[in-house]
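# Working through the structure, step by step
The lines below spell out each chain.
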Amino acid sequence: MTAVTDENPGQGGTGEHLSDASHSGTGWDDGLIARRAQAARKEAEQTPDEIPPEDDGGPQVEAYVDSGSPLRPRLDALRELVGLSRARLDRAALAEAGRVLDEAAARQRLSSRHTVVAIAGASGSGKSALFNALAGAQLSETGLRRPTTSSPLACSWTDGAAGLLDRLAVPGRLRRRPQPGAAADEALQGLVLVDLPDHDSAARGHRDQVDRVLALVDAVIWVVDPEKYADAALHERYLRPLAGHAEVTFVVLNQIDRLPGEAADQVLDDLRRLLDEDGMAVGEHGEPGATVLSLSALTGEGVGELRELLGRFVQDRTAATRRLAADVDAAAARLRPVYVAEGRPGLGEQAREEFADRLAEAVGAAAAGQAAEREWRRNAGRACGTPWLRLWRWYEAARQPGSRDRTPLAAPPEERLTARQRVEQAVRTVADDAAAGLPGPWAQAVREAAVQGAQGLPDALDELAGRVSGGPGVGAPATGGAASTGGAASTGGAAPTGSAALPGGAGEGRAARAAGKPPRPAWWPAAVLAQVAMTLLQIFGGLWLAGQIIGVLEPGLLTPALVMLAGIVGGPLVEWSCAAAARGPARRYGQEAERRLRETAAACGRARVLDPVSAELARYREVRERYVAVTEFSTTGR
């Protein structure tokens, strides 16, 4: 008996005969045969290849992925994950995730009332025989010739599955309906059964069709026989990679009629052992997992049990959701190496402080502070020193032409190179600290951000240090040439004010005098007046003593000598007191100059290096959160 097909009337054998008869002029439109033919033609017209009008009005109801299902937020998170990662990962890494998203969207647009189940297996395992047994009719060709099935053959228990079959690329001539009667069980309403070619076929095209359809169906029935149930091609190529799809997998041991006694149970137990080794959970005692059973498609033993299990499976209407969830799990497992980090990557406070210290060392912040401190003490000595000492210093300076307005010396080339290397080393170190534990692509992105931000950093440090040294009230020396390529002091407009450069950048170069003069404390005028008083005592005592010697004044050497001695002793005493009092302010002034230069270098490094690196780390944390959302409701434990 020929089964009714899910085709247009003019495309099949029966439909074609009916069409020809209806258009003939014989007029045989009465009688029982004519009425049956017309009823069959109307039924065929109601199940065309395309989706019926009630199903073709737009995207069908997404009953599998309702608003309360955890699959929808997982798909949304995976879509955001792919979007955020396109600029950091290559297409090959995101290809599987993109395919899963495309297939999920395509499946949700199609019928939610149908469950597509494929029957797959090796040559001679009895796939087509089982297909015919479930359909209750000889729909798929069986025989000894291999391969017998060359293209996917579909059988739909209800109407409206044309869109699903179009997605599987099953042509209309290979779409069938089950035999009316016992096989058309109410429990199987909504089932779309697909008989696949042999997965181990010698024809490459057959294997390609199997791989293509298996990626699109909602569930799979793997048919194995007692001879090939342990075939490495089946386990290594299909069952092991699809271990996460256990909940939508049936493994059927066929041809048990060929096994004597308890051999069928022994083979079935060994099959369960192999599935366990493949990592596929076996659903036993109510636990989720693959359904494993034995049957004989030839004798019908066990076929009823399989039909009953399929009925419950189809009526549950969650196969598509489980399949898509397993696909998401598999895609997430493939993406795990590029998203899951070891430890807690990031930039800690210690790494930031060490980076700031290295930059401060490169620009010579410590040497600048020492130079500023020395300048403060020199100014104190000039202001509070004895006039005779100041006169001697003026004389010494006058003996060396140009010494009063000397320009700072440029750093030696080897010191400039050392400073540049220190800046580069600081950048590499902080980049390595930030990238420690990150997956490869994100670690590379962090390092690239650091290197890109470090371009021009040495020159920027010189320029900023020059601004600091030339600023009013700062007086910190610049780093001229410490990290720049030109070697000269990059003080900009600070040079005319007397700013000097510290070569080397490590504190080992020559410290020059600070830009401008340090502020004077309030006690300096009193010290100057005391020094003037001591000088006047010396002059007064000297004139008094000279007048007595030449006889102008009455003799009395003791008093003028004491007055003159008081001035001579008091002057150095005042100078020494001022020097002692200036140590604290000079030290604080030097520390302030060092702090200013250190903060300037740290701010420059933060803006050019740390901020881009932190942005990359924030981007990674964002995609990491999306990845966690993808795997949060995993049902496969991946």
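## Details of a nonpolar patch on the surface
Residues Trp388, Leu391, Trp392, Trp394, Tyr395, Val532, Leu536, Ile539 and Leu543 make up a contiguous nonpolar surface patch of about 1,000 Å² in total accessible area. Those elements giving two or more residues to the nonpolar patch turn out to be helix H14 (387-399) and helix H18 (524-550). Tallying contributions element by element places H14 first for the nonpolar patch, with five residues. Tracing the backbone shows Tyr395 in helix H14. We classify Tyr395 as partly exposed; its relative accessible area is 41%.

## What to know about the nonpolar core
Leu168, Leu214, Ile221, Leu271 and Leu306 are the most contacted members of the largest nonpolar core, which has 72 residues in total. Broken down by element, this core gets its largest block of residues, seven residues, from helix H9 (residues 263-277).

## Quick look at the side chain of Thr158
Relative to the helices and strands, Thr158 resides in the loop between strand E2 (153-156) and helix H6 (162-167). For Thr158, a relative accessible area of 16% puts it in the buried group. Within the local environment of Thr158, its side chain forms a polar contact with the side chain of His114, the two groups lying 3.0 Å apart.

## Section: the confidence of the model for the chain
Of the residues in the chain, 73% have a pLDDT of 70 or more, and the chain-wide mean is 76. Ignoring residues within four places in sequence, the model shows residues 1-37, a span with pLDDT below 50, making 41 contacts including any to other chains. Confidence drops under a pLDDT of 50 for residues 471-515, and excluding neighbours within four residues, the segment shows 136 contacts in the predicted structure.

## Quick look at helix H12 (residues 349-363)
With 15 residues, H12 should cover 21 Å at 1.5 Å per step; its first-to-last C-alpha distance of 21 Å lies within 8% of that length. Regarding H12, the residues found buried are Ala351, Phe355, Ala356, Leu359, Ala360, Ala362 and Val363. Once H12 finishes, Gly364 follows within two positions and takes phi at roughly 75°, a positive value.

## Quick look at the sheet that holds strand E7 (residues 291-294)
Strand order in the open sheet formed by seven strands is E3-E2-E4-E1-E5-E6-E7, with mixed pairing between adjacent strands. Strand pairing shows two members of the sheet lacking a second neighbour, strand E3 (175-176) and E7, which therefore form its edges. Taken together, the five bridges between strand E5 (residues 219-224) and strand E6 (residues 249-253) define a ladder with parallel strand orientation. The partner of Trp222 across the bridge, within E6, is Val251.

## Digging into the packing of H18 against helix H19 (residues 558-631)
For the pair H18 and H19, the least separation of the axes is 7 Å and the interaxial angle reads 160°. As far as their axial angle goes, H19 and H18 are roughly antiparallel. Seen from above, H18 lies across H19 with left-handed handedness. Seen from H18, the contacting residues are Ala527, Ala530, Gln531, Met534, Leu537, Gln538, Phe540, Gly541, Gly542, Trp544, Leu545 and Gln548; seen from H19, they are Thr559, Pro560, Val563, Met564, Ala566, Gly567, Ile568, Gly570, Gly571, Val574, Glu575 and Cys578. Classifying every residue of the contact of H18 with H19 by side-chain character gives 14 nonpolar, nine polar and one charged.

## Concerning unusual backbone geometry
Although it is not a glycine, Ala169 sits at a positive phi angle of roughly 60°. Position of Ala169 relative to the elements: it lies in the loop between H6 and E3. Notably, Gln255 is not glycine yet its phi reads approximately 65°, a positive angle. Residue placement: Gln255 occurs in the loop between E6 and H9. In this structure Gln255 comes out as buried when scored by relative accessible area, which is 12%.

## A short note on the packing of aromatic side chains
One pass over the full model with this rule turns up five aromatic pairs. For the ring pair Phe250 and Phe313, a centre distance of 5.3 Å and an interplane angle of 85° mean the geometry is edge-to-face. Remark: Phe313 occurs in helix H10 (residues 303-316) and Phe250 occurs in strand E6; sequence separation between them is 63 residues. For the pair Phe250 and Phe313, one class covers both residues: buried. These aromatic residues form a ring-pair network of at least three members: Tyr339, Trp442, Tyr620 and Tyr627.

## Observations concerning the environment of Ala602
Structurally, Ala602 can be placed in helix H19. Separated by 250 residues in sequence, Ala602 and Arg352 have C-alpha atoms that sit 9.0 Å apart.

## A look at the pairing of strand E1 (residues 115-121)
Counting buried positions along E1 yields seven of seven residues, so the element is predominantly enclosed. Residues Thr115, Val117, Ile119 and Gly121 of E1 are buried on one face, and the alternating residues Val116, Ala118 and Ala120, pointing to the opposite face, are buried as well. In this structure, E1 lies alongside E5, joined through five bridges in parallel fashion. The residue bridging Ile119 from the neighbouring strand is Ile221, located in E5.

Calculation notes
- Residues numbered from 1 in each chain as written.
- Predicted model: local features only at pLDDT ≥ 70, side-chain atom pairs only at ≥ 80, totals over all residues.
- Heavy atoms only, no water.
- Patch = residues over 30% accessible without salt bridge, like charges linked within 9 Å, V, L, I, M, F, W, Y side chains within 5 Å.
- Areas by Shrake-Rupley, 256 points an atom, 1.4 Å probe, with all protein chains shown as cover.
- Salt bridge = Lys/Arg side-chain N within 4 Å of Asp/Glu carboxyl O.
- Helix = DSSP H or I, 4+ residues; strand = E, 2+ residues; numbered from the N terminus.
- Buried < 20%, exposed > 50% of the residue type's maximum accessible area, 1.4 Å probe, protein only.
- Core = buried A, V, L, I, M, F, W, Y, C linked by side-chain atoms within 4.5 Å.
- Polar contact = N/O pair within 3.5 Å; in protein donor to acceptor, adjacent residues only side chain to side chain.
- pLDDT = per-residue confidence, 0-100.
- Contact = heavy atoms within 4.5 Å.
- Expected span 1.5 Å × (residues − 1).
- Pairing = 2+ DSSP bridges.
- Axes fitted to C-alpha atoms, helices over the stretch in contact; angles between N-to-C directions.
- Parallel < 35°, antiparallel > 145°, perpendicular 65-115°, else oblique.
- Left-handed = near helix turned anticlockwise from the far one by under 90°.
- Nonpolar A, V, L, I, M, F, W, Y, C, P; charged D, E, K, R; others polar.
- Phe/Tyr/Trp six-rings, centres within 6.5 Å; stacked < 30°, edge-to-face > 60°.

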